[in-house]
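Coordinates in review
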Amino acid sequence: MRTLDQIWAIAQNTLREAVRNKVLFGLLFFALLMIVSGVIVSSLSYVENARILQDVGLAAIRLFGVAMAIFLGIEVISREVERRTVFSVLAKPISRGAFLIGKFLGLTLTIWLQVALMGLAFAAVSLLAGAPLGAVHAAFLLMVAAELALVVAIATLFSSFTTPLLAAFFTTGLWLVGGLSRELRDIGAASDSAWVEGSTWWLHRLLPDLQSFDIAIEAAHGLPVEASQLLWALAYGTGYVALLLFIAVAVFQRRQFR
Amino acid sequence: MREERAQVVVVEGLEVEFRPGLGRRSKRILDGVSFSVREGEIFGFVGPNGAGKTTTLKVLMGLLRASAGAARILGHDVGETAFRRHVGFLPENPYFHDYLSARETLDFYARLSGVPVSERPERIERLLDWVGLRHAADARLRTFSKGMQQRVGIAQALVHEPKVIFLDEPMSGLDPLGRVEVRDLILRLRAEGRTVLMNTHILSDVETLCDRVAIIAEGRIRYQGSVEDFSAAGERASDILVAGLSVACGAELEEVCAAELRGLGERVELRVAEKHVGDALSRLLAAGAEVISVTPHRASLESIFLSAVEQEVQ
Ligand SMILES: Nc1ncnc2c1ncn2[C@@H]1O[C@H](COP(=O)(O)OP(=O)(O)O)[C@@H](O)[C@H]1O
Ligand SMILES: [Mg+2]
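Bear in mind that the values here come from a model prediction, so they are computed numbers and not experimental data.

Calculation rules
Residues numbered from 1 in each chain as written. Chains lettered and ligands numbered in written order. Predicted model: local features only at pLDDT ≥ 70, side-chain atom pairs only at ≥ 80, totals over all residues. Heavy atoms only, no water. Patch = residues over 30% accessible without salt bridge, like charges linked within 9 Å, V, L, I, M, F, W, Y side chains within 5 Å. Areas by Shrake-Rupley, 256 points an atom, 1.4 Å probe, with all protein chains shown as cover. Salt bridge = Lys/Arg side-chain N within 4 Å of Asp/Glu carboxyl O. Lys, Arg positive; Asp, Glu negative; His and termini not counted. Charge placed at Lys NZ, Arg CZ, Asp CG, Glu CD. Helix = DSSP H or I, 4+ residues; strand = E, 2+ residues; numbered from the N terminus. Pairing = 2+ DSSP bridges. Donors = N, O, S within 2.8 Å, 3.2 Å for Na, K, Ca; no water. Buried < 20%, exposed > 50% of the residue type's maximum accessible area, 1.4 Å probe, protein only. Core = buried A, V, L, I, M, F, W, Y, C linked by side-chain atoms within 4.5 Å. Contact = heavy atoms within 4.5 Å. Buried area = accessible area lost by both parts, 1.4 Å probe. Nonpolar A, V, L, I, M, F, W, Y, C, P; charged D, E, K, R; others polar. Near = heavy atom within 4 Å. Polar contact = N/O pair within 3.5 Å; in protein donor to acceptor, adjacent residues only side chain to side chain.

Moving on to a positive patch on the surface. On the surface, a cluster of positive charge is made up of Arg20(A), Lys22(A), Arg140(B) and Arg142(B). Along the chain, the position of Arg142(B) falls in the loop between helix H3 (120-130) and helix H4 (146-158).

Next comes the structure, spelled out in structure tokens:
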């Protein structure tokens, strides 16, 4: 009970800090600009203009979301250490695990808030342009939210022990590789060597499989998505986040504050 | 009486090493640091810059692990978490979330320390008064001066009414009035039965505040105990203030009694070792000099400090 309240106190405080971050503001501004500018782009094209509009909008939500998650995840956690605010916080009866999980939670809520804002802009623009808007778009936002929580967890893990620059490098790298993990497996499966096939299969299992969350094509074409696919993706995301946080806490507990 | 008091902080043989880089030789920052703090006292942890005071406190706060030795607070290993609700900590040059106001900051720390919601507002108002921040309670810390940050730091360390309080350079950044206020505050904490350990390199604060001290230099404890005990260990002397001292008599005293002469215009001050005081006085009276005062010379903390720090391992 006490621990939950401490985690929540850290999360609220983190949210409070994060939402007033200027870089986050900038990213949100450009994301909204891109979503809205879809209207102009689509007015220039005579075929499928609604599709172009929505393609651009959904891509903007996901990519800007990832940029926000990586930037904010690293910035907010490493600043806590750099400015030595951790000293007074960790001297209180709060475990390092509760601190880090509170940070993750606050950051994730901040990012979800941005997704919601971008989603609202997307919906408004779609309605204005007379483009179809359906459950599949809500599902898309849900999947983006899940993917971004995972990206925040990766950023949390790396900032729990390394410098902001390296953490940004590793997090971006893992996100890129995570988007290709299925291709990697498929290339390996086509190989003659059992060793290559086995190792690529394992890599695919170990790396975050971010394509689980990818329903961009369905969303763009207004195709139906199976509820079981969404549930599986959410369960996978939750499990993966839990694993990442578990490792992050274990690492953070060993950290020395000089 | 005092000896029977419980030991609230026990530090035994702490060693901390720091390796500047791969392959470089590691530097020993703490080298077998041991001391203990008794319940209800103000304990001064004193030493020059870079001696290892802050490092020791970081080990006590669980921020840094020692490579050897043990540290216990209220009987708990410093690696534990829950007992910290009885521990307050003011870090060196503290910095807090600058988007919060002083009041919000205290509420945040009170909440982390498990202070019930119902008790928080009253306690926070009282602390704001104590540290003199009432007028700035709702301003964001971003706009605070260093001294005001320091006051927030002190309030934050006390917000959960801890039994043991660790202050790293509590007077730093404060103006003279602020120093007096913080000094009074520390005395008040002792009057309430709390135990205080303060890191400092300001000797006058030690003299006016501390019951006992440990002197650390280059990662080693050079002295631990009360200031009086330490000065007793040195050679005792007295200062004799005289008027109308003749040159001949002065020379005689320098020769026979190993007196050190210091002129103060008409008057002369003689520092004489305890064993020569009687002899010196009779010679002065015989020579017709006027003895104005005889004061036992108490080694100042400064000289204790200097000799402790310079006392190199032979
Ligand atoms: N972050 C750090 N990295 C490397 N060396 C450090 C660091 N912090 C302190 N030191 C070294 O540890 C020694 C003790 O420092 P510290 O405990 O801060 O001293 P004090 O608080 O007594 O002034 C110093 O010699 C200092 O150079
Ligand atoms: Mg220091």
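Picking up where we left off.
Take a nonpolar patch on the surface next. All names here are of chain A. Side chains of Trp8, Leu105, Leu109 and Trp112 sit close together on the surface and give an oily, nonpolar patch of about 340 Å² of accessible area. In terms of residues, the nonpolar patch owes the most to one element, helix H5 (residues 96-129), which gives three residues. By secondary structure assignment, the location of Trp8 is in helix H1 (residues 2-18).

Turning our eyes to something else, we now look at the pairing of strand E10 (residues 220-225) of chain B. Residues and elements named next belong to chain B. The sheet contact formed by strand E9 (residues 212-217) and E10 spans five bridges and is antiparallel. Counted as the bridge partner of Ile215 is Tyr223 from E10. What sits between the antiparallel neighbours E9 and E10 is a turn of two residues, in which Glu218 has the positive phi angle 45 degrees.

Residues and elements named next belong to chain B. Surrounding the magnesium ion (ligand 2) are the protein donor atoms Thr54 (OG1) and Glu92 (OE), which sit 2.0 to 2.6 Å from the metal. You can see Thr54 sitting in helix H1 (residues 53-60) and its partner Glu92 sitting in the loop between strand E6 (87-90) and helix H2 (102-112), a full 38 residues away along the chain. Among the residues examined, Glu92 registers a relative accessible area of 32% and is labelled partly exposed.

Now for unusual backbone geometry. Residues and elements named next belong to chain B. A positive phi angle, near 50 degrees, is found at Glu161, a position not held by glycine. Counting through the fold element by element, Glu161 comes out in the loop between H4 and strand E7 (164-168). For Glu161, a relative accessible area of 35% translates into the label partly exposed. Even without a glycine there, the phi angle at Glu169 is positive, about 55 degrees. Its place among the elements puts Glu169 in the loop between E7 and helix H5 (176-191).

Bringing the nonpolar core into the picture now. Looking at soluble globular proteins, one finds that nonpolar side chains tend to be buried together. Core analysis: the biggest nonpolar cluster contains 149 residues, and Met118(A), Phe35(B), Leu60(B), Met61(B), Ile73(B), Phe166(B) and Ile186(B) have the highest contact counts within it. Residue contributions to this core peak at 15 residues, all from helix H6 (residues 135-159) of chain A. Those residues in contact with Met61(B) that sit more than four places away from it in its chain are Ala91(A), Ile73(B), Arg84(B), Val87(B), Phe89(B) and Phe166(B). Formed by 13 residues, the second largest nonpolar core is a distinct cluster that contains Leu253(B), Cys257(B), Val268(B) and Leu284(B).

Here the focus is the interface of chain A and chain B. Counting residues at the interface gives 31 residues for chain A, matched by 36 residues for chain B. Between chain A and chain B lies a buried interface of about 3100 Å² when both sides are counted; carbon and sulfur atoms form 51% of it. Among the residues of chain A in contact with chain B, Lys92(A), Pro93(A) and Arg258(A) are the three that bury the most area, contributing 22% of the side total. Here Arg83(A) makes a salt bridge to Asp98(B), at a shortest N to O gap of 3.5 Å. Listed by contribution, the elements that provide at least two residues to the side of chain A that touches chain B are H1, helix H4 (85-90) and helix H11 (227-254) of chain A. Ranked by residue count, the leading element in the side of chain A that touches chain B is H1(A), at ten residues. For the side of chain A that touches chain B, the residue count by class is ten nonpolar, eight polar and 13 charged.

Another aspect to go through is the site of ligand 1. Looking at ligand 1, the residues that line it are Arg258(A), Phe18(B), Lys27(B), Ile29(B), Pro48(B), Asn49(B), Gly50(B), Ala51(B), Gly52(B), Lys53(B), Thr54(B) and Thr55(B). The residues that come close to ligand 1 belong to more than one chain, namely chains A and B. Measuring from an oxygen atom of ligand 1, one finds a backbone N or O atom of Gly50(B) at 2.7 Å. Relative to its free-state accessible area of 560 Å², ligand 1 is covered by the protein chains to the extent of 67%. Class assignment of the residues belonging to the shell around ligand 1 gives a composition of four nonpolar, five polar and three charged.

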